[in-house]
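Structural characterization, general
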Amino acid sequence: MSVIVKDTGFNTEDWADGFISVEDLAANDGAANLALDVPSDFDPKDIEARLAEIDLIRVNFPSSADGRGFTIAKRLRLMGFAGRLRAKGHVISDQYAMARRSGFDEVEISDELATRQPAEEWAFRANWQDHDYQSRVRA
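Here the residue numbers are simple positions, counted from 1 along each chain's written sequence. Note on the predicted model: pLDDT of at least 70 is required for a residue's local features to be given, and 80 or more for side-chain atom pairs to be given and counted; whole-chain, interface and lining totals, by contrast, use all residues. Based on all heavy atoms of the structure, the side-chain values leave hydrogens and waters out of the count.

Moving on, we get to the side chain of Glu-108. Relative to the elements of secondary structure, Glu-108 occurs in strand S7 (residues 106-110). A distance of 3.2 Å separates polar atoms of two side chains, one belonging to Glu-108 and the other to Ser-2. In the analysis that follows, any N or O atom pair within 3.5 Å is treated as a polar contact, provided that within protein one partner can donate a hydrogen and the other can accept it, and provided that, for residues neighboring in sequence, both atoms belong to side chains. Within the structure, Glu-108 has its side chain in polar contact with the side chain of Arg-86 (distance 2.9 Å). Setting aside its immediate chain neighbours within four residues, Glu-108 contacts Ser-2, Val-3, Ile-4, Glu-13, Arg-58, Arg-86, Ala-87, Lys-88 and Gly-89. The helix count covers DSSP runs of H or I at least four residues long, the strand count covers runs of E at least two residues long, and both are numbered beginning at the N terminus. By definition, residues are in contact when any of their heavy atoms lie within 4.5 Å.

Here we take up the packing of aromatic side chains. Within 6.5 Å between ring centres, the rings of Phe, Tyr and Trp (the latter by its six-membered ring) count as paired, and their orientation is classed by plane angle as stacked under 30 degrees, edge-to-face over 60, tilted in between. On inspection of all chains with the given rule, the structure shows three aromatic pairs. Relative to Trp-122, the ring of Tyr-96 lies with its centre 5.9 Å away and its plane at 80°, an arrangement referred to as edge-to-face. Taken together, the residues span a long stretch of sequence, with Tyr-96 in helix H2 (residues 96-102) and Trp-122 in helix H4 (residues 119-124) at a distance of 26 residues. Ring-pair connections join several aromatic residues into one group, and the members of that group are Phe-61, Phe-70 and Phe-104.

Strands sit in the order S2-S1-S7-S6-S5-S4-S3 across an open sheet of seven strands; the sheet is mixed. Each of the sheet's edge strands pairs with one partner strand only, and the pair in question is strand S2 (9-11) and strand S3 (20-21). Pairing of S3 with strand S4 (residues 35-38) involves two bridges; the strand directions are parallel. The residue of S4 that forms the bridge with Ser-21 is Asp-37. Sitting on the sheet, helix H1 (residues 68-78) touches strand S5 (56-61) and strand S6 (84-89), and the angle it makes with S5 is about 160°. Note on pairing: two strands pair once DSSP finds at least 2 bridges between them. The axes are straight lines fitted to the C-alpha atoms, using for helices just the contacting stretch, and the angles between their N-to-C directions are given from 0 to 180°.

Relative to S5, S4 is paired through four bridges, and the arrangement is parallel. From the neighbouring strand, Asp-37 faces S5, where its bridge partner is Arg-58.

Here the focus is unusual backbone geometry. The bulk of non-glycine residues show a negative phi, and the bulk of peptide bonds are trans. Unusually for a residue other than glycine, Asn-33 sits at a positive phi of about 55°. Relative to the assigned elements, Asn-33 resides in the loop between S3 and S4.

Moving on to the nonpolar core. Residues Ile-47, Ile-57, Phe-104 and Val-107 are the most contacted members of the largest nonpolar core, which totals 31 residues. Counting only elements with at least two residues in this core, the list comes to strand S1 (2-6), S4, S5, H1, S6, H2, S7 and helix H3 (111-116). Ranked by residues supplied to this core, first place goes to H1 with four residues. Excluding residues that lie within four positions of it along the chain, Val-107 makes contacts with Val-3, Ile-4, Val-5, Ala-87, Val-91, Tyr-96, Ala-99 and Trp-122. Nonpolar cores were defined as sets of buried Ala, Val, Leu, Ile, Met, Phe, Trp, Tyr and Cys residues, with membership established by side-chain atoms within 4.5 Å. Here the term buried applies to any residue with accessible area under 20% of the maximum for its type, exposed to any over 50%, and partly exposed to those in between, with areas from a 1.4 Å probe on protein chains only.

To continue, consider the pattern of salt bridges. Note on pairing: side chains with opposite charge can pair once their charged atoms come close. Salt-bridge detection follows one rule: a side-chain nitrogen of Lys or Arg within 4 Å of a carboxyl oxygen of Asp or Glu. Here the structure, examined in full by the defined rule, presents 17 salt bridges. Across the pair Lys-6 and Glu-106 runs a salt bridge, and its minimum N-O distance is 3.8 Å. Of this pair, Lys-6 sits in strand S1 while Glu-106 sits in strand S7; the two residues are 100 residues apart in sequence, bridging distant segments of the chain. On the basis of relative accessibility, which here comes to 3%, the residue Glu-106 falls in the buried class. Connected through shared salt-bridge partners, Lys-6, Glu-13, Asp-14, Asp-37, Arg-58, Arg-84, Arg-86, Glu-106 and Glu-108 make up one network.

As structure tokens, this is what we get:
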């Protein structure tokens, strides 16, 4: 099982249509409710022409020390992806604000991590917009 972390706290999975790999995207032309699983070494340019068709993209984080997923999220948003964007894997509560600022809507964590880092730790970082020093510096 897994836990979906949003600004409102811990949530249960609400996506019921499954995920496909990047390699299977071509075989799913015209599919409704399309959700894509992408690895941490994925290049968003590979799916740029199909972004409008995809409802949800889940980016894998193989390690909490691997920040490539944040770059993928930012690039997808800059390319115009308006669907749901989810980080999955080894994202820790300290990284939640960074995940939200880079474009993720939610984070999927294991039940084990949710036990070690309870909802209160994630909620503490849910005010990610209030403490965005970059926006304050730009203003």
